[in-house]
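In case you want the letters, here they are:
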Amino acid sequence: MLKADSLHRYLFEKHDVRGELVTLSDTYCHILENHNYPVAVQRLLGEMLVATSLLTAILKFDGDITVQLQGDGPLKLAVINGNNQQEMRGVARPQGDIADNATLREMLGNGYLVITIMPKDGERYQGVVGLEGDTVSSCLEAYFRQSEQLPTRLFIKTGAHQERPAAAGMLLQVLPAHKSNDSEFDHLATMTETITADELFSLPVEEVLHRLYHEEEVTLFEGQPVIFRCTCSRERCAQALITLPEEETDAMLAEEGQIDMHCDYCGKHYLFEKMDIDALRLNGGPLMENDTRH
């Protein structure tokens, strides 16, 4: 039986350290479907998905988060969008040949990691770090060293479970406003590092924590579901169309007979015919409902 996509938080009672564990399959599959990504890009999106879920849980805010990789290599962009409700979506834009075993640097070339936090109340925040590490985990650990000054470790696994793509990961972090003993934190990290992909993909979270920390006192909190959710809609597409110059939309209609707005995230198509565009121009009048198709 496949594990439901979920995020769990936990605390070490005798150390000022918190942890998180997330397992993902359905959400990961939704991000990959409708795309023919190279194997290395699929793996990278899985790592970014895990990382974004873990980050959303420790960065206390009500709103959206974007984790984005950009570079000048054959992979120009990879991005995961999420929010504090653990609703995720993602997309990548490869523009060249990428080997199955390509590294992060081979895919992105000279690039950087951007973390953007958009709270519903409060100011937008953006952090940028260069791709100094060889993995998403090491880049994010560098981000926390530079911006948050909190010792943080991430352990991310991708692969397959029961013939479906799977991704999972764990995070350890010293609690803000506390000073954990470095050797204690390193000891906990060393134990966490022994986790295998198969254990994360298949075992209940209670058993994973017991295997890793059976000599520690650990408090496990109730899990939070993680789901794929795209924010595209016919209304949003209409708003985008109405901002274009009329001659541009007229040219698209003349060439194709209709305008097909495609969402890269979920694969949906929103079709607009001439009568729809005319209605939009009449003071943003109601749209004729065309079918949405995959």
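Please read all numbers here as calculations on a predicted model, not as lab measurements. (Residues numbered from 1 in each chain as written. Predicted model: local features only at pLDDT ≥ 70, side-chain atom pairs only at ≥ 80, totals over all residues. Heavy atoms only, no water.)

A. Structural context of the sheet that holds strand 4 (residues 75–83). Strand order in this open sheet of six strands is 7-6-3-4-5-12, and the pairing throughout is mixed. If you trace the sheet from one side to the other, it starts and ends with strand 7 (125–130) and strand 12 (227–228), each paired once. Pairing of strand 4 with strand 5 (residues 87–94), which is carried by six bridges, proceeds in the antiparallel orientation. By the bridge assignment, N81 is partnered in strand 5 with R89. Packed onto the sheet, helix 2 (residues 39–58) meets strand 3 (63–71), strand 4, strand 5 and strand 6 (111–119) and runs at close to 35 degrees relative to strand 4. (Pairing = 2+ DSSP bridges. Helix = DSSP H or I, 4+ residues; strand = E, 2+ residues; numbered from the N terminus. Contact = heavy atoms within 4.5 Å. Axes fitted to C-alpha atoms, helices over the stretch in contact; angles between N-to-C directions.)

B. Structural context of the packing of aromatic side chains. All told, the structure shown has four aromatic pairs when counted by the stated rule. With 5.7 Å between their ring centres and 75 degrees between their planes, Y10 and F12 make a pair best called edge-to-face. Residue Y10 is classed as buried on the basis of its relative accessible area, which comes to 1%. Look at F12 and you get buried, because its relative accessible area is 3%. On the basis of an interplanar angle of 80 degrees and a centroid distance of 4.8 Å, the ring pair of F12 and Y213 is categorised as edge-to-face. Of this pair, F12 sits in strand 1 (residues 6–12) while Y213 sits in helix 7 (residues 205–213); the two residues are 201 residues apart in sequence, bridging distant segments of the chain. Just as F12 is buried, Y213 falls in that class too. Its guanidinium or amino end placed over the ring of Y265, R89 lies 3.7 Å from that ring's centre, counting from NZ or CZ. Seen from the ring of F272, R234 lies directly overhead, with NZ or CZ sitting 4.2 Å from the centre. (Phe/Tyr/Trp six-rings, centres within 6.5 Å; stacked < 30°, edge-to-face > 60°. Buried < 20%, exposed > 50% of the residue type's maximum accessible area, 1.4 Å probe, protein only. Lys NZ or Arg CZ within 6 Å of the ring centre and 35° of its normal.)

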